[in-house]
Amino acid sequence: MSLLFLPRTIYGKLILSFSAIFVLSGFAALAAIYSLYSVEGKIGLIESFYGISQKILEVRSYEKNFLLYENRDELVSAMDKLEDVRAIISGRSSQDAINHFVDRGDTKLCLTELDTYSGLMRQLTGPGYDKDGMNNLKVKLREAGHAFMNCTMGLDSAAKEHIAKDVRRYKAVAFVLVILILPMCAFMGIILANWIMTPLRNIRRSVAQVMKGDISSIPVESTKKICVECAELIDALNKMLQTISDKHQQFMQTEKLVALGKVTAGIAHEINNPLNNISLTAEMLMEDLSGMDCDERRSMIRDIVVQVDRAREIVRNLLDFSRPRKPSVWVKVDLRDLLNNTLAFLKNQVRLSGADIKIDIPETPVITMGNPSQLQQVFVNIILNALQAMDGSGALGLKVFLRAGEDRAVVEISDTGPGIPPEVREHIFEPFFTTKSDGTGLGLSVSYGIIKEHKGDISVSSGPGGGTTFRVELPLWYELDRHE
Amino acid sequence: MSDDNGGSHLRLLVIDDEPIVGKRLKQLFTKMGLGVETFTNPVPAMEAMERCPFDIVVTDLKMNGMNGMEVLKRVKDINPEAKVVIITGYAQLDTASEAFRRGVFDFIAKPFRLDELKRVIVKAMSGTLLARRQK
Ligand SMILES: Nc1ncnc2c1ncn2[C@@H]1O[C@H](COP(=O)(O)OP(=O)(O)O)[C@@H](O)[C@H]1O
Ligand SMILES: [Mg+2]
């Protein structure tokens, strides 16, 4: 129920917790101050008793002198001192410490003893006592003095006992306070840590999920109610995720345009050839229409139609490749078609490079799930790299097969180029790493990202004698389906 | 050169890996009275050239096995008098000037108009005939 009134910010929670701790420790401090003050008072009491016994000792020494020398002045001084003592014990003096002691029975007892003692003194100061009477009184005086001293000593020890009891009580209170406050603080600490940590832990879990690709942004709704700062943090993280994905998108697009730039020569050639065929055929038809028989005309017209198809196919491929696509557009992809399209797209590039091409693609469909334009981008990158590595002559190998026992398709693209030395190999998937003067170093890093997004793997092997094989593994479609 | 067509019968070689180009140029130039042979692969074309040199050669620039520049060189080696016309789908300025330096007769970008090619070939023919008559 108290949870309903929880503050919604970490700041508020900290303030709340610290106020609670402040109240508790303030309470403890007040208790300590109170005990110190009262102990201080009790110390005053002990001091008063010390003063009393000091005075009584003086009185007794006057008394002794009197008894020895019978000098009445001594008795007068003694009586003065006794009056001081009475003033203290009866609480008439200003020392409060002793006041609440005054009411006690033994205090009253001592006061009567004091009365007897001082009464005897007064008698002795009076004139006219014979020797026996005098001696008798002297004995009484000594006894009364003794009794009074004993009585005050009793008072003193009673007071000491009283103080010791108080101190014991304060100790107990302090002990109880510690016992109470320690677990309370520990409890509050745990609660506080939980309040703050739970939303943070949730964020961490969501971030992990985002990185695994299960979700695309961190959910904010549940956190909003319990932690305003966390909700703000999530908003910021989500904005960052969005920016990163935008940037990634731009990256891929840039890479694609660069790859496109590399194949413009091939594409121009590839489009100009059918155009040339069309124009030649059309002009021939026009020039000699009447001189040809029907079959010849028909065959020439068919040539035109076929060449138009060919040009259209090239343009379509080009657009497929260059058009930016949302990464979320996933469809079933037959890797065989995809690779054949890729090869058609790059056919002229391969031809210009002078490389032979060896293709080993199975008869049956190899279906995977993914974004066809992105996957094509990967294969274009790898094939262009292979052609660039061979420079002139060599053999480009393209092999597709299913990995036995596992539901994965493997595409291997090999070349007979110089190979990749180990110190270069460890960097080739890094963005902007290139060994070419006109390279961007983006091709393989973008490809790596795309293949990882498709839950696949991309690896490279390169023999010491040259030749490089890039191996792309992708999960087969029905495997993904079964996992859903 | 031993031919029985009164010396005016010129031989034209067309090399282009697009078969349609060969077919159409053969139609056209046979009608114009040239002896035309077409190849889609430059290697057998060069063999044919060695067997019996052609007067005019029309070749594509980018081909499998051998490119147009090599064809130009080989043709000039075999018959320095031969006129070589290069046609290409993607003309770069530096390849064009390189070709002219190596003695190409003309350099034509695809897609070209028939008239354009016809004019070039007619020019080449008259040049060859003139040279032959002067001999
Ligand atoms: N088939 C290959 N043979 C040799 N080296 C390669 C091959 N493929 C990639 N590389 C190396 O990997 C580097 C990075 O390639 P990439 O990311 O495509 O960027 P770029 O092609 O712009 O240099 C290349 O510069 C090259 O050194
Ligand atoms: Mg590259």
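Residues numbered from 1 in each chain as written. Chains lettered and ligands numbered in written order. Predicted model: local features only at pLDDT ≥ 70, side-chain atom pairs only at ≥ 80, totals over all residues. Heavy atoms only, no water.

## Side note on the site of ligand 1
Residues and elements named next belong to chain A. The condition is simple: Here a residue is considered near a molecule or strand provided that any single heavy atom belonging to it is located within 4 Å of it. The term polar contact refers here to a pair of N or O atoms within 3.5 Å; inside protein, the definition further demands a hydrogen-donor-capable atom paired with an acceptor-capable atom, and it admits residues adjacent in sequence only when both atoms are side-chain atoms. Exposure was quantified through the Shrake-Rupley algorithm and a 1.4 Å probe, taking into account, for residues, occlusion by the shown protein chains and nothing else.
In the vicinity of ligand 1 lie 19 residues, with Asn385, Asp415, Thr434, Thr435 and Lys436 positioned nearest. For ligand 1, an oxygen atom lies 2.4 Å from a polar atom in the side chain of Thr435. In this structure, an oxygen atom belonging to ligand 1 sits 3.5 Å away from a main-chain N or O atom of Gly443. When ligand 1 is considered free in solution it has 540 Å² of accessible area, and contact with the protein chains removes 95% of it.

## Details of the interface of chain B and chain A
Keep this limit in mind: Two residues form a contact once any of their heavy atoms are found within 4.5 Å. Buried area counts how much accessible surface, traced with a 1.4 Å probe, disappears from two parts once they are put together, with both parts' losses summed. Just to be clear on terms, a salt bridge is a Lys or Arg side-chain nitrogen sitting within 4 Å of an Asp or Glu carboxyl oxygen. Strands here are runs of E lasting at least two residues and helices are runs of H or I lasting at least four, both read from the DSSP assignment and numbered beginning at the N terminus. Three classes are used, and their members are as follows: Ala, Val, Leu, Ile, Met, Phe, Trp, Tyr, Cys and Pro are nonpolar, Asp, Glu, Lys and Arg are charged, and the others, Gly among them, are polar.
Across the boundary between the two partners, chain B contributes 22 residues, which contact 22 residues of chain A. Here chain B meets chain A over a buried area of about 2200 Å², counting both sides, of which 52% is carbon and sulfur. Joining chain B to chain A, the criterion identifies seven salt bridges. A salt bridge links Asp303 of chain A to Arg24 of chain B; the shortest N-O distance between them is 3.2 Å. Viewed at the interface, chain A and chain B are joined by 14 residue pairs in polar contact (both at pLDDT 80 or more). Those elements giving two or more residues to the side of chain B that touches chain A turn out to be helix H1 (19–31) and helix H5 (114–134) of chain B. The dominant element in the side of chain B that touches chain A, judged by the number of residues it contributes, is H1 of chain B, at eight residues. Here the side of chain B that touches chain A is built from residues that sort into eight nonpolar, three polar and eleven charged.

## Focus: the environment of Val21 of chain B
For the record, the criterion: Buried residues are those whose accessible area, probed at 1.4 Å on protein chains only, stays under 20% of the maximum for their type, while exposed residues exceed 50% and partly exposed ones sit between those limits.
Tracing the backbone shows Val21 of chain B in helix H1. The buried category is assigned to Val21 of chain B, whose relative accessible area is 0%. Measuring from C-alpha to C-alpha, the distance between Val21 of chain B and Thr40 of chain B comes to 9.3 Å, with 19 residues separating the pair along the chain. For Val21 of chain B, the residues in contact, after removing those within four places along its chain, are Asn276, Asn277 and Leu280 of chain A together with Asp16, Ile87 and Lys110 of chain B.

## Some words on the pairing of strand S4 (residues 83–88) of chain B
All names here are of chain B. The condition is simple: We treat two strands as partners when DSSP finds at least two bridges between them. With its strands directed away from the observer, a crossover is right-handed exactly when the path from the first strand over the helix to the second travels clockwise.
In terms of residue burial, S4 counts as a mostly covered element, since six of its six residues are buried. Of the two faces of S4, the one lined by Lys83, Val85 and Ile87 and the one lined by Val84, Ile86 and Thr88 are each fully buried. Of the strand pairs in this sheet, S4 and strand S5 (residues 106–109) are connected by four bridges, and their pairing is parallel. The partner of Val85 across the bridge, within S5, is Asp106. Taking the sense of rotation as the criterion, the β-α-β connection linking S4, helix H4 (residues 93–101) and S5 turns out right-handed.

## Remarks on the pattern of salt bridges
Should the charged atoms of two oppositely charged side chains come close, the side chains can pair. All names here are of chain A. Within the structure shown, the criterion is met by 29 salt bridges over all chains. A salt bridge links Glu70 to Lys138, with the nearest nitrogen and oxygen atoms 2.2 Å apart. Of the two residues, Glu70 sits in the loop between helix H1 (10–69) and helix H2 (72–89) while Lys138 sits in helix H5 (residues 131–212), which places them 68 residues apart along the sequence. We classify Glu70 as partly exposed; its relative accessible area is 39%. The class of Lys138 is buried, set by a relative accessible area of 10%. When salt bridges that share partners are traced, they join Arg403, Arg408, Glu412, Lys452, Asp457, Arg471 and Glu473 into one network.

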